[in-house]
Each structure stands twice: as structure tokens, then as C-alpha cells.
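Report on the structure
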Amino acid sequence: MAILEVKNLKKCFGSSVVLNGISFSLEKGESLAIIGSSGSGKTTLLRCLNFLELANGGSISVGGEVIYDSANPATQSDKEIRNKRLHFGLVFQSFNLFPQFTALKNVTLASELLAKEKPDYKENHKAILAGIEQNARLLMDQVGLNDKLSYYPHQLSGGQQQRVAIARALALNPDILCFDEPTSALDPELTGEVLKVIRSLADKKTTMVIVTHEMQFAREVSDKVLFMDNGLVVEYGTPEELFANPKEDRTKQFLERYSGA
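This report concerns the structure included in the present document.

Calculation rules
Residues numbered from 1 in each chain as written. Predicted model: local features only at pLDDT ≥ 70, side-chain atom pairs only at ≥ 80, totals over all residues. Heavy atoms only, no water. Helix = DSSP H or I, 4+ residues; strand = E, 2+ residues; numbered from the N terminus. Rg over C-alpha atoms; globule rule 2.2 N^0.38 Å. Buried < 20%, exposed > 50% of the residue type's maximum accessible area, 1.4 Å probe, protein only. Contact = heavy atoms within 4.5 Å. Areas by Shrake-Rupley, 256 points an atom, 1.4 Å probe, with all protein chains shown as cover. Core = buried A, V, L, I, M, F, W, Y, C linked by side-chain atoms within 4.5 Å. Salt bridge = Lys/Arg side-chain N within 4 Å of Asp/Glu carboxyl O. Phe/Tyr/Trp six-rings, centres within 6.5 Å; stacked < 30°, edge-to-face > 60°. Lys NZ or Arg CZ within 6 Å of the ring centre and 35° of its normal.

Within the chain one finds 9 helices and 10 strands. Here the C-alpha radius of gyration of the chain, 19 Å, is about what a compact globule of 261 residues would show, namely 18 Å. Projecting the C-alpha coordinates of the chain onto the three principal axes gives extents of approximately 60 × 45 × 35 Å. When each of the 261 residues of the chain is scored for burial, the buried share is 50%. Considering only contacts in the chain between residues 6 or more positions apart, those separated by 24 or more positions represent 64%. Surface accessibility of the chain: about 12600 Å² in total, with carbon and sulfur atoms responsible for 47%.

As C-alpha cells, then:
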């Protein structure tokens, strides 16, 4: 059973069709790279998966459960959306850290807020918060920043901020971790340190959806690749199929332009 199944997803902004029937599936432990030119709909697709935008059509299933169906209003209530958003962790292009909080607090914050809604929080809050902090420290160590816990975002490099953002996205143990061009705001040296963390997550079989313009990285880290153009899935397959033997002219032209393939 697929951990993630997207069927005929559509999104319009006014008369502009941004997603036009996107379908794909992803097994647990797989990584999907989404590639395509600017304006092809890649970021909108991620935002629909994370419910930062509501699709106008289609459905999204996680672990066999339909968590969004455009034809079923019951899946679209604010409460339902808020809960189902927890299936996904999102790492933004521009980090989006809270500047007033330390790196450690940025990682613990969402977990702390959710913990306060639990019936036993008042009675067991010390133990609960200690557990959240311990988990955050482990994640910060995982991304190589256990010596930066007390630093504020402005004291960190762009690559370090993005690694904090990755730890934050992992803190709620999402089913699927999503990256929206995670290196687009970084220089080459800092890009390398972020890609190293993502590669380590792939090695640990973290289920990931990665929007990227790094073609070689997409080839190396992904189990499947989806090429989008003008809101459509043009080609979808393994890295070997798509990079070494693309079937569609639009795919060939894109790869020639962006990777010299």
C-alpha cells in the first residue's frame, strides 16, 4: 500500500490553472524528486499536499486513508485540515524560522503547542516538555548542530538555518517530509551541507518529496522522479528512466537546458 497517493489533483487561482490533474504515488521509505521549470506548479503542488492551499479537485491519501477529497466537504473543515497537516513536514525555501527564538526553541515550539492540547498536559507537563526537548536535541545532533542550540537565526549561516528547519520539520515525526527548493537561497558551499543532510535522511529511508533544481542530486537521491510542465505531469518514472532515457520531448529539452543531459 502506498504511503502517499495523489489522484487528479487540480488547483486554480481565478481563471489560471496551476495544477491540471496531477497523479502519483509513493511507497514508504521512497524519495520522490519533482523537477520542472519555474512556474510549472511544483511549489503549488507541495502547498496543496501540506494544506497551505486547498486543491480545487482530486484527492490525497496517506497510508490508505483519504485525507482530502474535493468532492467530500467533511475532509475540508478547518479542524480536519489542521490534524491532517501533521502527516507532512515542510521545509521552505527561505527557512522561515522564528527570529525571536533560539534554534532549539524553533524545533520544540510546534510540539509544545500541540502538547498543551492533551488532557494530561497540566498534570505531566514537566515530563512532556523534557521529552520534547530531548527529541529536539537528538534531531539537532542529527543535522550536525548540537553546538548551536542557543543560537538565534541571525547568528547562523543560511545552511545552518536550513538544517534547523529540517530538524523542525522532523520534530513531529511526519509520515512524509517535503522540501521546497531547499538549497535555492544558498551559495554552493552551504548547498553541500544541506544536501548532505537530505542524503542521510534518504539513507535512513525517510519518505520524502523534494522539489529541486539540482539535477544531479535528484538523480542520486530519488527513487522516483516527476517532471512537471505547465501544471501537468509530463513524465514520471525512476531516475534511470527519466534522466537516461526520457520519452517526452519536453523532458529532453528541460534536461538539456538544466543539466546538460
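This next bit is on the nonpolar core. Ranked by size, the top nonpolar core spans 34 residues in total, and within it Met140, Val164, Ile166, Phe179, Ile198, Leu201 and Met208 carry the most contacts. Counting residues per element, the ones that place at least two in this core are α3 (103-115), α4 (121-142), α5 (158-170), β7 (176-180), α6 (188-203), β8 (208-211) and α7 (215-221). At 7 residues, the largest contribution of residues to this core is made by α6. With sequence-adjacent residues up to four places away left out, Met208 is seen in contact with Leu26, Glu30, Ser31, Leu32, Leu177, Phe179, Ile198, Leu201 and Ala202. Core analysis: the next-biggest nonpolar cluster, separate from the first, contains 29 residues, Leu19, Phe51, Phe88 and Cys178 among them.

A few words on the side chain of Lys11. Here Lys11 shows up in strand β1 (residues 4-13). Judged by relative accessible area, Lys11 falls into the buried class, the value being 8%. Those residues within four positions of Lys11 in sequence are excluded, and the remaining contacts are Ser16, Val17, Val18, Leu19, Thr44, Cys48, Glu53, Leu54, Ala55 and Asn56.

Phi angles above zero are rare outside glycine, and Asn8 is one such case at about 50°. Structurally, the position occupied by Asn8 is in strand β1. On the accessibility criterion, Asn8 (39% relative accessible area) is partly exposed.

Attention shifts here to the pattern of salt bridges. This structure, assessed with the given rule, holds 10 salt bridges. Close ionic contact of Lys105 with Glu112 constitutes a salt bridge, the shortest N to O distance being 2.7 Å. Take Glu112: its relative accessible area is 15%, and that puts it in the buried class. In this structure, Asp229 and Arg250 form a salt bridge, with 3.2 Å as the shortest nitrogen-oxygen distance. Residue Asp229 is located in strand β9 (residues 224-229), and its partner Arg250 is located in helix α9 (residues 249-258); the two are separated by 21 residues in the primary sequence. Judged by relative accessible area, Asp229 falls into the partly exposed class, the value being 22%. What makes Arg250 partly exposed here is its relative accessible area of 38%. One connected set of salt bridges, linked through shared partners, spans Lys11, Arg47 and Glu53.

So, about the packing of aromatic side chains. Enumeration according to the criterion identifies 3 aromatic pairs in this entry. The lysine or arginine in question, Lys11, covers the ring of Phe13, its NZ or CZ lying 4.9 Å from the ring centre.

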